[in-house]
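Letter by letter, the chains look like this.
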Amino acid sequence: MTSESIDALVVGASVVGVTAALALQQRGFKVMLLDQYPVAQSCSFGNAGVIATGAFPLSAHYRLTDIPAIFLNRSSPAALDWASVARLLPWALQYATVTRRDTVWHNTAVIHGLCRSALQSYQLLLGAEMPPINRYGYLALHLDVSELDAAIRLNAIRNSLGSTAKTISGTDLVELEPAIAGLASGATFLEGAGHVTDPAAFVATLANVFAQRGGRLRCDRVERLETESDGQVFLRGARENYLSPLVVLATGARANRLLADCRHQIPLVSERGYHLELDVDRGFISRPTALPRFGVVLTPSPHGARIAGISHFGCPDFQEQPRLLLSALNRLRRLLPILRPRPGLEVCSGERPTTPDSLPVVEQVLGHRSVFVSSGDGHLGLTLAPVTAGVVADMVIGISSNYSRELGSCRFWRSEESWQRLRKTSMTGVGGPSCALEGLLKDLAVACSSPAPH
Ligand SMILES: Cc1cc2nc3c(=O)[nH]c(=O)nc-3n(C[C@H](O)[C@H](O)[C@H](O)COP(=O)(O)OP(=O)(O)OC[C@H]3O[C@@H](n4cnc5c(N)ncnc54)[C@H](O)[C@@H]3O)c2cc1C
């Protein structure tokens with residue numbers, strides 16, 4: 001048993017775990033952060049680096065009736081691990097319940113609200129030790145007039161939810177990204193978005209701040225979790241055992257493995273995304289630039305640029321298929337032949353922890369008052385981590401917020417009850433559509449015809 005005295009132990013030293021550990025430290029806890037790998041080696045390594053100002057849930061992008069065709073189309077940016085199908089069914093059923101129009105609207109509003117707090121939440125966590133975050137915004141290229149029309153409708157929704165989304169074309173676009181502007185009929189420019197060039201280094205810097213503030217980092221794999229009768233939590237590690245008054249599980253797509261020891265589960269799948277370094281010079285692009293038609297983002301990296309994206313659904317640790325990204329790159333190269341893989345570097349992948357409604361799950365585990373879970377950030381972990389860190393740390397000290405009520409997994413188990421609640425909130429305000437927005441809401445399904453880009 002470790003002899004170190006701690007108040008809280010966070011399992012998972014990736015972006016969600018490291019930020020949760022920092023937030024607990026801020027509230028006076030002596031924290032240990034534990035991971036089976038070195039910091040930020042899982043999904044938080046090599047993502048697109050966008051700190052988004054807002055996003056739409058998957059249920060806005062993938063309508064139920066279109067899903068079979070999407071998965072069967074070999075050039076689609078969304079794919080299914082067919083060996084996982086039987087185990088994905090319960091998740092798929094939950095997904096079906098969140099595709100109702102009002103629910104999509106409600107979740108879109110909640111996600112935009114969470115994203116809006118992201119940059120400020122990083123600032124609050126890190127203060128003067130905040131690593132650099134670029135503020136050049138985020139661009140999405142629309143390759144033909146129908147994509148541009150759909151984007152104009154989406155941008156109206158984004159703006160109604162507090163983002164600043166501009167539709168641009170011509171010289172404005174050339175000025176922003178001269179190397180790739182020629183591809184597009186127009187683009188969406190999201191002014192307030194942030195970007196980190198090296199997400200793994202960014203998370204490693206956060207972990208260093210945690211260590212400098214007195215936090216302890218350990219490399220170990222937790223194999224079992226038990227709650228003792230006095231409320232302490234016992235963790236059996238591969239190397240050592242640990243006893244802590246409080247545990248936060250930030251174990252990404254694998255969250256259900258340890259939750260099973262508490263007889264608890266959350267609806268979570270692995271949505272594998274891929275990334276690859278491109279053989280272009282630094283400065284080729286200045287900001288992350290999505291190509292929604294291909295389901296990818298071109299994003300500045302320390303070497304030059306990286307291509308990242310694809311949604312490949314399965315159960316944790318399922319077989320990766322780098323050809324999914326390579327095939328998107330090949331199709332993109334027909335328009336932009338300069339984009340080649342950087343010699344010697346291969347496609348990497350990470351498993352996004354994805355819930356049916358694209359909102360994270362942050363909660364105290366039922367029947368285990370000392371165990372908390374924070375996972376399910378899907379496409380937005382780098383963006384939402386500092387926000388969910390604040391939610392979980394407040395929950396630990398007994399402070400609940402609107403978000404703590406929104407983010408509990410009970411929202412999936414009381415579907416009829418929560419459906420009524422959602423209906424009520426969406427009729428009366430709190431992120432719901434006003435009459436003026438009803439027209440925009442109608443457009444949502446039409447406009448979200450392209451896949452989620454990163
Ligand atoms: C291609 C791609 C592009 C993306 N782009 C963006 C983007 O631009 N912006 C954005 O906001 N998000 C983006 N994301 C999403 C973001 O990367 C994820 O949401 C985020 O990394 C999830 O972080 P996490 O800490 O929950 O999980 P992970 O990063 O997977 O970390 C979980 C950690 O838990 C550890 N762990 C699990 N089980 C155990 C155990 N039993 N014992 C010890 N340790 C354990 C793992 O080793 C791992 O380190 C992207 C994702 C991908 C794949």
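Only a predicted model underlies this, so the values are computations on that prediction, with no experimental measurement involved.

Enquirer: An account of the pattern of salt bridges is needed here, citing residue identities and associated values.
Expert: Working definition: two side chains of opposite charge can pair if their charged atoms are close together. One pass over the structure, following the stated rule, counts 17 salt bridges. Here Glu-240 makes a salt bridge to Arg-218, at a shortest N to O gap of 3.1 Å. With Glu-240 in the loop between β11 (233–237) and β12 (241–244) and Arg-218 in strand β9 (residues 216–219), this residue pair connects regions lying 22 residues apart in the sequence. Residue Glu-277 is joined to Arg-306 by a salt bridge in which the shortest nitrogen-to-oxygen separation is 3.2 Å. One end of the pair, Glu-277, is in strand β14 (residues 269–278); the other, Arg-306, is in strand β17 (residues 305–314), and 29 residues separate them in sequence. The class of Glu-277 is buried, set by a relative accessible area of 12%. Look at Arg-306 and you get buried, because its relative accessible area is 5%.

Enquirer: Outline the packing of helix α1 (residues 15–26) against helix α6 (residues 118–126), listing residues and values.
Expert: When two helices pack together, you describe them by how their axes are tilted relative to each other and by the distance separating the axes. Between α1 and α6, the shortest axis-to-axis distance is 9 Å and the interhelical angle comes to 55 degrees. As far as their axial angle goes, α6 and α1 are oblique. The element α1 and its partner α6 pack so that their crossing is left-handed. Contact residues: Val-15, Thr-19, Leu-22, Ala-23 and Gln-26 in α1; Tyr-122, Leu-124, Leu-125 and Leu-126 in α6.

Enquirer: Quick rundown of the site of the ligand? Include the residues and the values.
Expert: In the vicinity of the ligand, 36 residues are found, and the nearest of them are Ser-14, Asp-35, Ser-44, Val-50 and Gly-378. For the ligand, an oxygen atom lies 2.6 Å from a polar atom in the side chain of Asp-35. Measuring from an oxygen atom of the ligand, one finds a backbone N or O atom of Leu-380 at 3.4 Å. Going through the elements one at a time, α1, β14, β18 (348–354) and α12 (381–396) are the ones with two or more residues in the shell around the ligand. Partitioning the shell around the ligand into residue classes produces 14 nonpolar, 17 polar and five charged.

Enquirer: Just give me the short version of the sheet that holds β11, but keep the residues and values in it.
Expert: Spatial ordering of the open sheet is given by β10-β11-β12, a layout of three strands whose pairing is antiparallel. Looking at strand neighbours, the two that pair on one side only are β10 (222–227) and β12, the edges of this open sheet. Each adjacent strand pair in this sheet contributes to an overall mean axis angle of 20 degrees, direction not counted.

Enquirer: How would you sum up the sheet that holds strand β20 (residues 371–375)? Please name residues and give values.
Expert: Strand order in the open sheet formed by six strands is β9-β2-β1-β13-β20-β19, with mixed pairing between adjacent strands. Looking along the sheet, the strands with just one partner apiece sit at the ends: β9 and β19 (361–364). Neighbour-to-neighbour, the strand axes of this sheet turn through a mean angle of 15 degrees, independent of strand direction. Lying on the sheet, α1 is in contact with β1 (8–11), β2 (31–35), β13 (247–249) and β20; it crosses β2 at an angle near 170 degrees.

Enquirer: Tell me about the UniProt feature "domain: FAD dependent oxidoreductase" (unreviewed entry) in the protein, and please be specific about residues and values.
Expert: Within this structure's numbering, the places UniProt gives as "domain: FAD dependent oxidoreductase" (unreviewed entry) are residues 7–395. The span residues 7–395 is 33% helical and 25% strand by assignment, and the distance between its end C-alpha atoms comes to 15 Å.

Enquirer: Residues and numbers for the side chain of Thr-108, please.
Expert: Checked against the element boundaries, Thr-108 lands in helix α5 (residues 101–116). For Thr-108, a relative accessible area of 0% gives the class buried. Polar side-chain contacts of Thr-108 include one of 2.7 Å to the backbone oxygen of Val-104.

Enquirer: Got a sec to walk through the pairing of β1? Specific residues and values, please.
Expert: Residue alternation in β1 divides its side chains into two sets, Ala-8 and Val-10 and Leu-9 and Val-11, and both sets are buried. Pairing of β1 with β2, which is carried by four bridges, proceeds in the parallel orientation. Of the residues in β2, the one forming a bridge with Val-11 is Leu-34. Between the parallel elements β1 and β2, the chain passes through α1 in a crossover that is right-handed. Across three bridges, β1 lies against β13 in parallel orientation. Looking across to β13, one finds that Val-11 is bridged to Leu-249.

Definitions and limits used
Note on numbering: residues in each chain are counted from 1, in written sequence order. Where local features are concerned, this predicted model is filtered to residues with pLDDT of at least 70; where side-chain atom pairs are given and counted, the filter is 80 or more; whole-chain, interface and lining totals use all residues. Calculated side-chain values reflect all of the structure's heavy atoms, with hydrogen atoms and water omitted. For salt bridges, the criterion is a side-chain nitrogen of Lys or Arg within 4 Å of an Asp or Glu carboxyl oxygen. Numbering of helices and strands starts at the N terminus; helices are DSSP runs of H or I of at least 4 residues and strands are runs of E of at least 2. Buried, partly exposed and exposed residues are distinguished by accessible area as a fraction of the type maximum, computed with a 1.4 Å probe on protein chains only: under 20%, between the cut-offs, and over 50%, respectively. Between N-to-C directions, angles cover 0 to 180 degrees, with each direction set by a line fitted to C-alpha atoms, over the stretch in contact for helices. Geometric relationships in this document are graded by angle, where less than 35 degrees denotes roughly parallel, more than 145 denotes roughly antiparallel, 65 to 115 denotes roughly perpendicular, and other angles denote oblique. In this scheme the handedness of a crossing depends on how the near helix is turned from the far one: anticlockwise by less than a right angle means left-handed, clockwise means right-handed. For this analysis, residues touch if any pair of their heavy atoms sits within 4.5 Å. For each residue, the test is whether any non-hydrogen atom lies within 4 Å of the molecule or strand; if one does, the residue is near. Between N or O atoms, a polar contact is any pair within 3.5 Å; within protein, one atom must be a potential hydrogen donor and the other a potential acceptor, and residues adjacent in sequence are included only when both atoms are from side chains. Classification used: nonpolar for Ala, Val, Leu, Ile, Met, Phe, Trp, Tyr, Cys and Pro, charged for Asp, Glu, Lys and Arg, polar for all others including Gly. Two strands are said to pair when DSSP picks up at least two bridges between them. UniProt positions are given in the numbering used here, feature names are shortened, and annotations may be inferred rather than shown by experiment. Looking down the strands as they point away from the viewer, one classifies a crossover as right-handed if the path from the first strand across the helix to the second runs clockwise.

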